[in-house]
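Structural characterization, general
Each chain, written out:
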Amino acid sequence: MTLTATRPRPGRTPRTPRSRTRTRSILLTSSLTIAVAAVLLPFYWLIIAATHSSKEIFDSPPPLLPGGHLRENLSTLESSARFSDVIVNSLLITVIYTIAAGAICTLAGYGFAKFRFRGSGALFGLLMLGLVIPTQVTLIPLFKMMVDLEWLGTYQAVIMPNLALPFGIFLMRQSMAALPDELIDSARMDGCGEFRLFLKVVLPPMKPALAALAIFLFLFQWNDFIWPLVVLRDAGEFTIPVALASLQGLDQTDYGALLAGTALAAIPMALVFLALQRHFVSGLLAGAVKE
Amino acid sequence: MTTTTTAEGVLKTAGAARPAAASRPTARILRRRAVPYLFILPALVLFAVFKLYPIGSSFLMSLYENVNGTQEFVGAGNYTRAMDDPLLWTALKNTAIILVVQVPVMLALAVGIAVALNSTLLRGRAFFRLGFFLPTVTGLVAYGIVFAVLLNTQYGLVNWLLGLVGVGEVPWLTDPLWARISLGLALTWHYTGYNAVIFLARLQSLPTELYDAAAVDGASARQSFRHVTLPGLRPALLLTTVLSTIGTLQLFDEPYVLTGGGPDNATLTIGVYLYQNAFKYFDFGYASAVAYILTVLIGILGVVQFRLLGEKS
């Protein structure tokens, strides 16, 4: 940390004595530490609980250190929910979705950011309508459409309806707008084809924005619950959230197994996020805070 | 429109610079004009098929009722039925309570955290920012399950911890009032960090001169917060309020996983009620009408909030 406790806000003269500033700093830091500990407690407890048996989890006092039942929990999870199939489903659906939706949102974002054409404002407005229309409105007709297409229980039923994600298009338009026009124009002067220009000139400098979009799409699909719940039927087809919810609904819920599965769903995502959070936060903010 | 010519003007000069193109200018210009549409075409087609069509079809569906397997046209029947439906009113009331209690508390908390995270007095800011933001990326089902177990009345960790300091068992998920509080706690846990990051970004873009001027005028920390920080946060407040309102009105995952809408319908939200009607009772017509009522509510609240928060900026 380059910041020291006594360093005043830039350009602002410190009017309080050093010792008082230090006291304030310690107070602020320690109260935020307590707050963040409370926020992170569920994560800690989840990891601990995943390694205990159902009985131990509800012991008094509750377990606060890792136990020895992780392997057993995972095998229960496998036998009661076909969890290896579920993980494969979740991974395949999420990866395919991220790539396909990423491509579609990026193409559209570029189209809206860098071209002026008849109806561009109206068409963009139409797409943004998707941000305010509640998902529940489309749920039933979409379900019927999936029935008619005989897509129930398939990957495409989960993936297709959200490919043109309004937020993704919005995010990419915001990011693309920052790309200098001169770059595109000069490539065009050199006779570069439009699609090649998009691939070779537009995309490379967009890497941070693409990373943000990819993380966002990945998290969205990985965590999505209601739509997969509606279109997936059998245990072997489920995604992780649907499988977990179905386990929880059982009369005799094995909480050791359930929480091990929950940890398997949450911990990798938290790690991916920790590794890439710089991109994610900056990308989200590019879309969220418009000046 | 003068601005329309920017892209086209460049395209025309680019075309004229190449003699091969000059021979068939019309075809070339047409092809050039089609370029932007080609970029947005996949998104538009998918959007039309999977969003616009269902929105329209949902409205038609809301005019029909399922009577012994056949669809009967009832006109506004589903809508008048909704007006007299006590359960829908309960769901609306529950949603309104969350809007009026949980959302302001969460946003105030987020402002506090953002201001603290922005303070040079705080050490380890990167760690705190991460810690507060981490719940945002957690899947709703996963955190719903974790909270359900943590808040278990007899065996949950939270009640055990409270017992250590002499507080008796709290019926977190089994008592109507406490179930609402639990739902509010879970929502606050999940979304405060997200809002705090939006506020933080806004704070960092505020010019420091404003604070200098306030300090020169002899403003206390509290006064400069009231007269500089809060007005500066107005656009971010508008954004977070509108997003939280939309999210709250559509609320489904948390009550579905945490309480299933119970006990005694205390946490029944419009989203859960709609889901029950559609996929438990297969009453698609009525569920569609409820969905449309929800859409209208979101529209009205959005406009009201823009008026209230947006006009002074």
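Conventions we followed
- Each chain has its residues counted from 1, running along the sequence as written.
- The naming scheme follows written order: chains are lettered A onward, ligands numbered 1 onward.
- Whole-chain, interface and lining totals are the exception, using all residues; otherwise, since this is a predicted model, local features are given only for residues with pLDDT of at least 70 and side-chain atom pairs are given and counted only at 80 or more.
- With hydrogens and water set aside, each side-chain value is computed from the structure's full complement of heavy atoms.
- UniProt positions are given in the numbering used here, feature names are shortened, and annotations may be inferred rather than shown by experiment.
- Numbering of helices and strands starts at the N terminus; helices are DSSP runs of H or I of at least 4 residues and strands are runs of E of at least 2.
- Working definition: with a 1.4 Å probe on protein chains only, accessible area under 20% of the residue-type maximum means buried, over 50% means exposed, and in between means partly exposed.
- Two N or O atoms count as a polar contact when they lie within 3.5 Å, although within protein this holds only if one can serve as hydrogen donor and the other as acceptor, and sequence-adjacent residues are included solely when both atoms are side-chain atoms.
- Domain borders in the structure are assigned automatically or taken from a domain database.
- Note on contacts: a residue pair qualifies if any of its non-hydrogen atoms lie within 4.5 Å across the two residues.
- Values labelled buried area give the accessible surface lost by two parts on being combined, using a 1.4 Å probe and summing over both.
- In the sections that follow, a salt bridge refers to a side-chain nitrogen of Lys or Arg positioned within 4 Å of a carboxyl oxygen of Asp or Glu.
- Residue polarity follows a fixed list, in which Ala, Val, Leu, Ile, Met, Phe, Trp, Tyr, Cys and Pro are nonpolar, Asp, Glu, Lys and Arg are charged, and the others, Gly among them, are polar.
- What counts as a ring pair is set by centres within 6.5 Å for rings of Phe, Tyr and Trp (its six-membered ring), and what kind of pair is set by the plane angle: stacked under 30 degrees, edge-to-face over 60, tilted for all other angles.
- Two conditions define a charge located above a ring, namely a distance within 6 Å from the ring centre to NZ of Lys or CZ of Arg, and an angle within 35 degrees of the ring normal.

Now for the UniProt feature "transmembrane region" (unreviewed entry) in chain B. UniProt's feature table lists "transmembrane region" (unreviewed entry) at residues 34-53, 96-118, 130-157, 177-201, 232-252 and 284-304 of chain B, given in the numbering used throughout. Helix makes up 100% of residues 177-201 of chain B and strand 0%. Its end C-alpha atoms lie 36 Å apart.

Moving on, we come to the environment of L121 of chain B. All names here are of chain B. Mapped onto the elements, L121 comes out in the loop between α5 (86-118) and α6 (125-133). Since its relative accessible area comes to 19%, L121 is described here as buried. Linking L121 and L210, residues 89 residues apart in sequence, is a C-alpha distance of 19 Å.

Moving on: the side chain of S244 of chain B. Residues and elements named next belong to chain B. You can see S244 is positioned in helix α12 (residues 234-249). Judged by relative accessible area, which is 10%, S244 ranks as buried. At 2.6 Å, the side chain of S244 and the backbone oxygen of T240 are in polar contact.

All right, on to the UniProt feature "domain: ABC transmembrane type-1" (unreviewed entry) in chain B then. UniProt's entry tags residues 92-305 of chain B with the feature "domain: ABC transmembrane type-1" (unreviewed entry), counted in the numbering of this structure. The annotated region residues 92-305 of chain B carries 75% helix and 0% strand content, and the separation between its end C-alpha atoms amounts to 18 Å.

Let us look at the domain arrangement of chain B. Residue and element names in this part refer to chain B. For chain B, the domain assignment lists domain 1 (2-61) and domain 2 (78-312). A separation of 41 Å is found between the C-alpha centroids of domain 1 and domain 2. The interface of domain 1 with domain 2 comprises 5 residues on the first partner and 6 residues on the second. Interface of domain 1 and domain 2: buried area, both sides summed, is about 420 Å²; carbon and sulfur atoms make up 56% of it. On the domain 1 side of the interface with domain 2, the three residues burying the most area are S58, F59 and M61, jointly 91% of the side's total. Inspection of the region where domain 1 meets domain 2 yields 0 salt bridges. Applying the counting rule to domain 1 against domain 2 returns 1 residue pair in polar contact (both at pLDDT 80 or more). Class assignment for the residues of the side of domain 1 that touches domain 2 results in 3 nonpolar, 2 polar and no charged.

With that out of the way, let us pick up the pattern of salt bridges. All names here are of chain A. With the rule as written, the count across this model stands at 5 salt bridges over all chains. With a shortest N-O distance of 2.7 Å, E194 and R188 are connected by a salt bridge. Residue classification places E194 among the buried residues on the basis of a relative accessible area of 10%. Overall, the relative accessible area of 5% leaves R188 in the buried class. Ionic contacts of the salt-bridge type, sharing partners, join the residues D185, R188 and E194 into one network.

Looking now at the packing of aromatic side chains. A complete count under the given rule lists 31 aromatic pairs over all chains for this structure. Between F218 of chain A and W222 of chain A the ring centres are 5.9 Å apart and the planes differ by 15°, which places this aromatic pair in the stacked class. In this pair, F218 of chain A and W222 of chain A are both assigned in helix α11 (residues 207-223), 4 residues apart and thus about one turn of the helix distant. Here F218 of chain A matches W222 of chain A in class, with each residue buried. Put simply, the rings of F143 and F225 of chain A together with F252, Y256, Y275, F279, F282 and F284 of chain B touch in pairs and so form one group of aromatic residues. One cation-aromatic arrangement involves R173 of chain A over F124 of chain A; the distance from NZ or CZ to the ring centre is 4.0 Å. When the ring centre of Y286 of chain B is taken as reference, the NZ or CZ atom of R81 of chain B above it lies at 3.7 Å.

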